[in-house]
Amino acid sequence: MKNIQDYTREELAKWLENKGSRAFRAGQIFKWIYLKQANSFDEMTDLGKELRCLLSENFYLGRLVLEEKQVSSDTTEKFLFRLNDGNHIESVLIPEKDHFTLCVSTQVGCAMDCKFCLTAKGGIIRNLTVAEIISQVRDARFYLLQKNIEPLKLSNIVFMGMGEPLANYDNLIKSLRIIMDTDYGMKFAARRVTVSTSGLVPKIAQLGLDTDVNLAISLNATDDKTRSQLMPINNKYPISDLLEACRKFTMKPRNKITFEYILIQGINDSKEDALKLVTLLSPIRAKVNLIPFNEHEASPFKRPAPKQILAFLQILLDRDMTAMTRKSKGADISAACGQLKAKMINKKDQ
Ligand code: SAH
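Sequence order as written defines the numbering, with residues in each chain counted from 1. With pLDDT at 70 or above as the cut-off, local features in this predicted model cover only qualifying residues; side-chain atom pairs require 80 or more to be listed or tallied, and sums for whole chains, interfaces and linings still use all residues. The basis for every side-chain value is the complete set of non-hydrogen atoms in the structure, without hydrogens or water.

### Quick word on unusual backbone geometry
Quick note on the threshold: Helix and strand assignments come from DSSP, with helices taken as H or I runs of at least 4 residues and strands as E runs of at least 2, each series counted from the N terminus. Any residue under 20% of the maximum accessible area for its type is buried, any over 50% is exposed, and the rest in between are partly exposed; the area is computed with a 1.4 Å probe on protein chains only.
If you check the backbone angles, Asp113 has positive phi at about 65° while not being a glycine. Within the fold, Asp113 resides in the loop between strand 7 (107–109) and strand 8 (124–127). Asp113 gets classed as partly exposed once you look at its relative accessible area, which sits at 35%. Not every positive phi belongs to a glycine, and Asn148 is a case in point at roughly 60°. Mapping Asn148 onto the fold places it in the loop between helix 4 (130–146) and strand 9 (154–159).

### Thoughts on the site of the ligand
Put simply, the rule reads: If a single non-hydrogen atom of a residue is within 4 Å of a molecule or strand, that residue counts as near it. Definition of a polar contact: a pair of N or O atoms within 3.5 Å, with one able to donate and the other able to accept a hydrogen when the atoms are protein atoms, and with sequence-neighbouring residues admitted only if both atoms are side-chain atoms. For the accessible areas, the method is Shrake-Rupley and the probe is 1.4 Å, while residue cover comes only from the protein chains on display.
Taken together, 19 residues are adjacent to the ligand, and Gly163, Ser196, Ser218, Glu260 and Asn294 come closest. Within the side chain of Glu164, one N or O atom sits 3.1 Å away from a nitrogen atom of the ligand. Relative to its unbound accessible area of 530 Å², the ligand is 93% covered by the protein chains. For the shell around the ligand, the secondary-structure elements that each account for two or more residues are strand 10 (193–197) and strand 12 (257–263).

### Considerations on the pairing of strand 3 (residues 65–71)
Note the cut-off: Any two strands with at least two DSSP-identified bridges between them are counted as paired.
Where strand 3 and strand 4 (residues 77–82) come together, six bridges link them in antiparallel fashion. Note that in strand 4 the partner of Gln70 across the bridge is Lys78.

### Topic: the state of the cysteines
Inclusion rule: When two cysteine sulfur atoms lie within 2.5 Å, the pair is treated as a disulfide.
What the rule picks out here adds up to zero disulfides. Summary of cysteine pairing: Cys110 is not part of a disulfide, and the nearest cysteine sulfur, belonging to Cys114, is at 6.5 Å. Judged by its relative accessible area of 9%, Cys110 falls in the buried class.

### A few points about the sheet that holds strand 12
Our working rule: Between N-to-C directions, angles cover 0 to 180 degrees, with each direction set by a line fitted to C-alpha atoms, over the stretch in contact for helices.
Taken in spatial order, the 10 strands of this open sheet run 3-4-5-6-9-10-11-12-13-14, and their pairing is mixed. Lying at the two open borders of the sheet, with one neighbouring strand each, are strand 3 and strand 14 (322–325). Neighbour-to-neighbour, the strand axes of this sheet turn through a mean angle of 20°, independent of strand direction. One ladder, built from three bridges, connects strand 11 (residues 214–218) with strand 12; its direction is parallel. Within strand 12, the residue paired with Ala216 across the bridge is Thr258.

### Examining the packing of helix 10 (residues 271–281) against helix 11 (residues 306–318)
We apply this condition: The cut-offs work like this: below 35 degrees is roughly parallel, past 145 is roughly antiparallel, 65 to 115 is roughly perpendicular, and the gaps in between are oblique. By convention the crossing between two helices is left-handed if the near helix lies anticlockwise of the far one by an angle smaller than a right angle, and right-handed if it lies clockwise. Contact between two residues is taken to exist if any of their heavy atoms lie within 4.5 Å; hydrogens are not considered. Classification convention: Asp, Glu, Lys, Arg as charged; Ala, Val, Leu, Ile, Met, Phe, Trp, Tyr, Cys, Pro as nonpolar; all other residues, Gly among them, as polar.
For the pair helix 10 and helix 11, the least separation of the axes is 9 Å and the interaxial angle reads 30°. Judged by the inter-axis angle, helix 10 sits roughly parallel to helix 11. Considering only the axes of helix 10 and helix 11, their crossing is right-handed. Of helix 11, the residues touching helix 10 (which contributes Lys271, Asp273, Ala274, Leu275, Leu277 and Val278) are Phe312, Ile315 and Leu316. Class assignment of the residues belonging to the contact of helix 10 with helix 11 gives a composition of seven nonpolar, no polar and two charged.

### Details of helix 10
Where we set the bar: Comment: arc refers to directions from the helix axis out to C-beta atoms.
Among all positions of helix 10, only Asp273, Ala274, Leu277, Val278 and Leu281 are buried. One side of helix 10 holds all its buried residues, which, seen down the axis, span an arc of 140°. Along helix 10, the residues that are exposed and aim more than 90 degrees away from the buried face are Lys271, Glu272 and Thr279.

### Comments concerning the packing of aromatic side chains
Selection rule: Between 30 and 60 degrees the pair is tilted, below 30 it is stacked and above 60 it is edge-to-face, where a pair is any two Phe, Tyr or Trp rings, Trp via its six-membered ring, whose centres lie within 6.5 Å.
What the rule picks out here adds up to seven aromatic pairs. With a centroid separation of 5.0 Å and an interplanar angle of 65°, the aromatic rings of Phe30 and Tyr34 are classed as edge-to-face. In this pair, Phe30 and Tyr34 are both assigned in helix 2 (residues 25–35), four residues apart and thus about one turn of the helix distant. Assigned by exposure class, Phe30 and Tyr34 land together as buried. An angle of 85° between the planes, with centres 6.0 Å apart, marks the rings of Phe293 and Phe301 as edge-to-face. The exposure classification of Phe293 matches that of Phe301, with both residues buried. Put simply, the rings of Tyr7, Trp15 and Phe59 pair up and form one aromatic cluster.

Purely geometric stuff here, so don't read any function into it on its own.
Right, dumping it as structure tokens:
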């Protein structure tokens, strides 16, 4: 039996046609699943009984198991989901002024081995399926619905959770098709969806051709030596190759690529680094998101003092760079990548 959420609308239409049904039914089914939050095929009352039977004989329609939830004092909520095979992933629901943003995972674990990241510690376990990726979004909207909040208020998605999205490329693209299906699917506008990557250069160009989502790059250093130490992927695709791919990335005229830059005390937070960052990014339509390092027990790295962070930011702003420091939301619930999962596993080990 297959999870129906693994299918794009086009794939489902094809499947239906093969079974002697009509392609347009896929749109109806999609509306039930993604807009009306159906829990079973029986609820899909505008489909004939025969079709509902056919669907339930061939597919299941499930939700992820919400194993643990943490609410931060700033109302950021972190979900720990258990998958069918017992693995765990996290999603973070971030309230903004008039909408919500969901931070979504794409893999169980991660193969990139970034030295500052907690998810990296366990290595890669597996890619998430399409159903597992989009269930995070559907289930978060269902959660809002249960709290009497309009589900479509969840209007922004960032692929900044566990895993490297571009290393699970095919499932990422299929998930994006469903997420950005504006007629029958989840109705996210492309400008409200951001895919963040550690820098898988060949896939960056491909993403620009296949979709019109926003691109974010985890840059984190301004020279190859430091970046390779922090992010081993840099040995394969050094900064010059990465920035060249960014320069060529196809996007709408007024769009900008976000460069995420974790500030780590004594590693990449100097005045020289800030100046170098300005020079590096000057040929690119870029904005910089400074992320003060989120300290955790598995890393010796430290967050710079607030004064140092502001001084770094000021250098960028003084040179007309669009830049901001990320408000550290959910700090008291360890909302940084992988931290809830790690805590939970520690608990089990004891
Ligand atoms: N693999 C993708 C997406 C997941 S990481 C990528 O690398 O972009 C999402 C963001 O969280 C990245 O910008 C990463 O640099 C940042 N991050 C990871 N661990 C962190 C920590 N301990 N403190 C602050 N930011 C962290």
